[in-house]
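If you want the building blocks of each chain, they are given just below.
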Amino acid sequence: MRMTGMPFIILGGLMEGLFTLPVKITPKWSWENIWGAGSLCALILVPGPLLLITVPHFQNVYAAAPSAAILWAILFGAGWGLGGIFFGLGVSALGLSLGTSLIMGLVAIGGSVVPLLLQHRDQLFGKSGAALLSGIGIMILGLALCARAGSLKTATGASSKTGSFSPAFSLGLFYCIAAGLLSALVNFALIFGAPIANPAIAQGLDAATANNAVWALVFAANYLVNLGYCFYLGFRKQTLVKFFLPGTGSYWILAMVMGLLWAGGIVVYGRGASMEGIYGPVFGFPIMLIASILTGNFTGAILAEWRGAPARAKRTMQWSVAIMIVAIVTLGCSNYWIP
């Protein structure tokens, strides 16, 4: 396999593992402030410039594209946006290392299952299907250990004795599960929105660049959903005034960084995967997820998220990350073995 795109794939994973960091370092803002500001910056800085810079005459591209493909891209992009809301809530509740690991682990399942079921269903009972089912089983074990590590980390008296999750941890776990499942909708957006790129390809653009016409719609729908929810929440909780608190000017710079990392990581990964040829997404997607999980855990360690946690919790988390990496590689093989 050519390695020209691998640095972009890894960089995309690093960006996806880091984009939620501003949530943890903007203490004067509430969650809806930083998540809304990051969504606004992503909306302004990515979809429009992406079209203007890379897709000439994009108006003609959309005019020639099937209406159904445009509608599906927008609808599934909005569903992905709902997953983004739960992503932010999950990371805010459980921390970068635990939240990112749980969510990306679930995304790995969706990212492997969806393409196989939609495009290669006949392979479900062959070598590829066996790898898929094995990978899912390993991933479930890794996710269960990850959840157990979080439970041990946050356990207090009664919950530690009974082995049950605390109410706060249970809510954070729900957020992460919802985020992981809904994030798979981005695959549907790209699959059902693919015909949008055809007019751009007919104009002479390569397939990777032409897909930016799809990405722009998906990103716009995603970040509009996130932005709308955050500003609704800020209005209801009366936290919009926090945008104007003294000493928060630098928070807007962090929001810009967040927006660029959030959307830019996907674009960078997609570019790298396309540079690797037909098997780029097969190898690239697992590597991107592994980079995201490792980055989230490394950042969580720097932020001392596990300081004071029992040694048993730390060991369990380390085992869960190792098992999830094995699962992601196995899931990647399920696509590689498709004839």
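The rules behind each value
- Residues numbered from 1 in each chain as written.
- Predicted model: local features only at pLDDT ≥ 70, side-chain atom pairs only at ≥ 80, totals over all residues.
- Heavy atoms only, no water.
- Helix = DSSP H or I, 4+ residues; strand = E, 2+ residues; numbered from the N terminus.
- Polar contact = N/O pair within 3.5 Å; in protein donor to acceptor, adjacent residues only side chain to side chain.
- Contact = heavy atoms within 4.5 Å.
- Patch = residues over 30% accessible without salt bridge, like charges linked within 9 Å, V, L, I, M, F, W, Y side chains within 5 Å.
- Areas by Shrake-Rupley, 256 points an atom, 1.4 Å probe, with all protein chains shown as cover.
- Salt bridge = Lys/Arg side-chain N within 4 Å of Asp/Glu carboxyl O.
- Buried < 20%, exposed > 50% of the residue type's maximum accessible area, 1.4 Å probe, protein only.
- Phe/Tyr/Trp six-rings, centres within 6.5 Å; stacked < 30°, edge-to-face > 60°.
- Lys NZ or Arg CZ within 6 Å of the ring centre and 35° of its normal.
- Axes fitted to C-alpha atoms, helices over the stretch in contact; angles between N-to-C directions.
- Parallel < 35°, antiparallel > 145°, perpendicular 65-115°, else oblique.
- Left-handed = near helix turned anticlockwise from the far one by under 90°.
- Nonpolar A, V, L, I, M, F, W, Y, C, P; charged D, E, K, R; others polar.
- Disulfide = S-S within 2.5 Å.
- pLDDT = per-residue confidence, 0-100.
- Core = buried A, V, L, I, M, F, W, Y, C linked by side-chain atoms within 4.5 Å.

1. Details of the side chain of Thr330
- Tracing the chain through its elements places Thr330 in helix 17 (residues 311–336).
- Side-chain polar atoms of Thr330 contact the backbone oxygen of Val326, separated by 2.8 Å.
- Aside from chain neighbours lying at most four places away, what touches Thr330 is Ala131, Ser134, Gly135 and Ile138.

2. A word on unusual backbone geometry
- Here Gln238, not a glycine, exhibits a phi torsion of approximately 60°, which is positive.
- The backbone phi angle of Ala304 is positive, close to 60°, even though this residue is not glycine.
- Note that Ala304 resides in the loop between helix 16 (280–302) and helix 17.

3. What to know about a nonpolar patch on the surface
- On the surface, a cluster of nonpolar side chains totalling about 330 Å² of accessible area is made up of Ile44, Leu45, Met256 and Leu260.
- Those elements giving two or more residues to the nonpolar patch turn out to be helix 3 (31–45) and helix 15 (249–275).
- Here Ile44 is to be found in helix 3.
- Exposure remark for Ile44: the relative accessible area of 53% places this residue in the exposed category.

4. Concerning the side chain of Asn212
- Its place among the elements puts Asn212 in helix 14 (residues 212–237).
- Leaving out residues up to four positions away in the same chain, Asn212 has contacts with Leu50, Leu51, Thr54 and Val55.

5. Details of the packing of aromatic side chains
- For the structure shown, the criterion picks out 24 aromatic pairs.
- Both rings, one in Trp35 and one in Trp262, keep their centres 4.9 Å apart while their planes meet at 50°; by these two values the pair is tilted. With Trp35 in helix 3 and Trp262 in helix 15, the pair connects residues that are 227 residues apart, well separated along the chain. Residue Trp35 shares its accessibility class with Trp262, and that shared class is buried.
- For the pair Trp80 and Phe219, a centre-to-centre distance of 6.0 Å together with 35° between the ring planes defines the contact as tilted. Note that Trp80 is positioned in helix 6 (residues 67–94) and Phe219 in helix 14, a separation of 139 residues in sequence. For the pair formed by Trp80 and Phe219, the shared burial category is buried.
- One aromatic cluster in this structure is built from Phe19, Trp31, Trp35, Trp80, Phe87, Trp215, Phe219, Tyr223, Tyr229 and Trp262.
- Sitting over the face of the ring of Trp306, Lys153 holds its NZ or CZ atom 4.8 Å from the ring centroid.

6. What to know about the packing of helix 3 against helix 15
- Interaxial distance between helix 3 and helix 15 falls to 7 Å at its minimum, and their mutual angle equals 60°. Relative to helix 15, helix 3 is oriented oblique. Taken as a pair, helix 3 and helix 15 cross one another with a handedness that is right-handed. Every residue of helix 15 that contacts helix 3 at Ile34, Trp35, Ala37, Gly38, Ser39, Leu40, Cys41, Ala42 and Leu45 is listed here: Tyr251, Trp252, Ala255, Met256, Met258, Gly259, Leu260 and Trp262.
- Of the residues that constitute the contact of helix 3 with helix 15, the class distribution is 14 nonpolar, three polar and no charged.

7. Focus: the state of the cysteines
- Scanning all chains against the criterion turns up zero disulfides.
- As a non-bridged cysteine, Cys146 has Cys176 as the owner of its nearest cysteine sulfur, 8.3 Å distant.
- With a relative accessible area of 0%, Cys146 lands in the buried category.
- The exposure class assigned to Cys176 is buried, which follows from its relative accessible area of 1%.

8. A few points about the confidence of the model for the chain
- Looking at the chain, pLDDT values average 85 and 87% of them are 70 or higher.
- Counted against residues more than four places away or in other chains, residues 156–162, with its pLDDT under 50, gives three contacts.

9. A look at the nonpolar core
- Formed by 98 residues in total, the largest nonpolar core has its most connected members in Met139, Ile196 and Phe219.
- Setting aside its immediate chain neighbours within four residues, Met139 contacts Gly105, Ala108, Ile109, Met324, Ala327, Ile328 and Leu331.

10. Focus on the environment of Gly300
- Checked against the element boundaries, Gly300 lands in helix 16.
- Taking the relative accessible area as the measure of exposure, Gly300 reaches 0% and is therefore buried.
- Considered as a pair, Gly300 and Thr100 are 200 residues apart in the sequence and their alpha carbons are 9.7 Å apart.
- Sequence-distant contacts of Gly300, defined by excluding residues within four places in its chain, comprise Leu96, Ser97 and Glu305.

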